[in-house]
Each structure stands twice: as structure tokens, then as C-alpha cells.
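# Fold and contact review
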Amino acid sequence: GESVGLHLPTLSVQEGDNSIINCAYSNSASDYFIWYKQESGKGPQFIIDIRSNMDKRQGQRVTVLLNKTVKHLSLQIAATQPGDSAVYFCAEIPILTGGGNKLTFGTGTQLKVEL
Amino acid sequence: EPEVTQTPSHQVTQMGQEVILRCVPISNHLYFYWYRQILGQKVEFLVSFYNNEISEKSEIFDDQFSVERPDGSNFTLKIRSTKLEDSAMYFCASTKQGGVNNEQFFGPGTRLTVL
């Protein structure tokens, strides 16, 4: 069935290092991918998105890479800071959404930044 | 900055009771969503709503669930007869326009505990 999942449940990095969070998806009809950050006690917060016709997109300190061949999505965070500690979810919207544009979320990766 | 708000932040109820979770989407947004997140699990889509009707709903959104936009600002989720397994964080989200690449803004969530 359709699923979006994450390789690593927990990632610990040193402050200042780069972080890479991975996500695998199985729905080849997916058209749009988003990374969300969820801090404790808060709702998901949009970080960056990418359309299926792109393989890379950069934001402020973040880069999303999309490899459609192997159905893999990654989020790279440069110079990771303590404020980056959170759970990170990938999410996707397939082309045929039924009009609702529902997000299908992955399991989540806990990023821990060590000082 | 405009944000989605939700009340209450925590709702405790007895099994079999009705609960209403309330959301105030961002004022100029037209598309509304409910998601839920069982503790330690991924965020799951429940329902999307546009133009005063449901656009799409998941298998979770059975006859015990209903949504309503009773006025120009509120968007509610009602669970008629709560079950233990309804215990979760419930997130409301909204987006300004349709189309896959319009960011969904999430509220802080309501934690529902069914005893």
C-alpha cells in the first residue's frame, strides 16, 4: 500500500555539524513533498517543500533532495543549532488527491543536538 | 503573524461522551483540515473541508466524527461517542488556496484523553 516512512527514528548530532534526515516513500504518484518540524507540544511547522519535477531545493540552512529513482527524500540542515532539536516528518501529497490535498506523513525522526 | 488556534489545549472525557474540538483557522484561508497523532506515532489525516463540505476523509473518519464551520471563523471536530482509542493529539490546519503546493498551517493541537 501507500506509505511514507523514515529510516532512522533518532539522530544525534553535535552543534555546528550538518544533519541529514532521510525518508523513503512508496507512492510513485506522489507529486509534492514537504518537510515539517514538530517541537514538543506544538503542531507541525513547515520547513521546505519540493515538487516532483525537481531534485533539489534550498532554503535558509536547509536543503531538500529528491531521488525519484529510488523514491528517497532527504533533509539536510547546515550548521545544526540547539533550536533545531525536534521531530522531523516528511509528508507527501499524491497527484490524485481527490481534491482534498491531504498530507500523508512519515513516522518521524527525532533530531537531538548536543552541545 | 497570523496563526491557527485551537481550544482547549487539553480535553479529558469519559468513554462514550461527546467532545467538540475547536479551531480558528487563519482568517483568509479557505481550506481546512483535521489530523490526529496518537502518542509516539505519525500524524494521520482525518478530513478536509472546503466550501462548507467535506472534500475528502480517511477511513478513521467514521460516522462518529463530524466537522462543521458554524460561523465565519470557527471550524469544529465533533466525536459523538468517544472511545479509548480516540485518545490522541488533534491538529487543525488551514491553507489559503487549493492545489498541492499551498502550505498547510497547523495549530498547536488539542490533546484528547479518553478515560
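Residues numbered from 1 in each chain as written. Chains lettered and ligands numbered in written order. Predicted model: local features only at pLDDT ≥ 70, side-chain atom pairs only at ≥ 80, totals over all residues. Heavy atoms only, no water.

### Overview of the interface of chain B and chain A
Listed as interface residues are 20 residues of chain B and, on the opposing side, 24 residues of chain A. Roughly 1,800 Å² of surface becomes buried between chain B and chain A when both sides are summed, with 54% attributable to carbon and sulfur atoms. Across the salt bridge formed by E56 of chain B and K102 of chain A, the nearest N and O atoms sit 3.8 Å from each other. Our count for the contact surface shared by chain B and chain A stands at three residue pairs in polar contact (both at pLDDT 80 or more). Counting only elements with at least two residues in the side of chain B that touches chain A, the list comes to strand 4 (31-37), strand 5 (43-50) and strand 6 (53-57) of chain B. For the side of chain B that touches chain A, the residue count by class is eight nonpolar, nine polar and three charged. (Contact = heavy atoms within 4.5 Å. Buried area = accessible area lost by both parts, 1.4 Å probe. Salt bridge = Lys/Arg side-chain N within 4 Å of Asp/Glu carboxyl O. Polar contact = N/O pair within 3.5 Å; in protein donor to acceptor, adjacent residues only side chain to side chain. Helix = DSSP H or I, 4+ residues; strand = E, 2+ residues; numbered from the N terminus. Nonpolar A, V, L, I, M, F, W, Y, C, P; charged D, E, K, R; others polar.)

### Quick look at the packing of aromatic side chains
Here a ring pair, both rings aromatic, is described through the centre-centre distance and the interplanar angle of the planes. For the coordinates displayed, the defined rule picks out 15 aromatic pairs over all chains. For the pair Y36 of chain A and F46 of chain A, a centre-to-centre distance of 6.3 Å together with 85° between the ring planes defines the contact as edge-to-face. Here the residue Y36 of chain A occupies a position in strand 4 (residues 30-38), and F46 of chain A occupies one in strand 5 (residues 45-51), the gap between them amounting to 10 residues. Judged by centre distance (6.0 Å) and plane angle (90°), the rings of F89 of chain A and F105 of chain A are edge-to-face. Residue F89 of chain A is found in strand 9 (residues 86-94), and its partner F105 of chain A is found in strand 10 (residues 104-105); the two are separated by 16 residues along the sequence. According to the relative accessible area criterion, F89 of chain A is buried, its value standing at 1%. Taken together, the aromatic side chains of Y36, F46, F89 and F105 of chain A together with Y33, Y35, F45 and F106 of chain B make up a single cluster linked through ring pairs. (Phe/Tyr/Trp six-rings, centres within 6.5 Å; stacked < 30°, edge-to-face > 60°. Buried < 20%, exposed > 50% of the residue type's maximum accessible area, 1.4 Å probe, protein only.)

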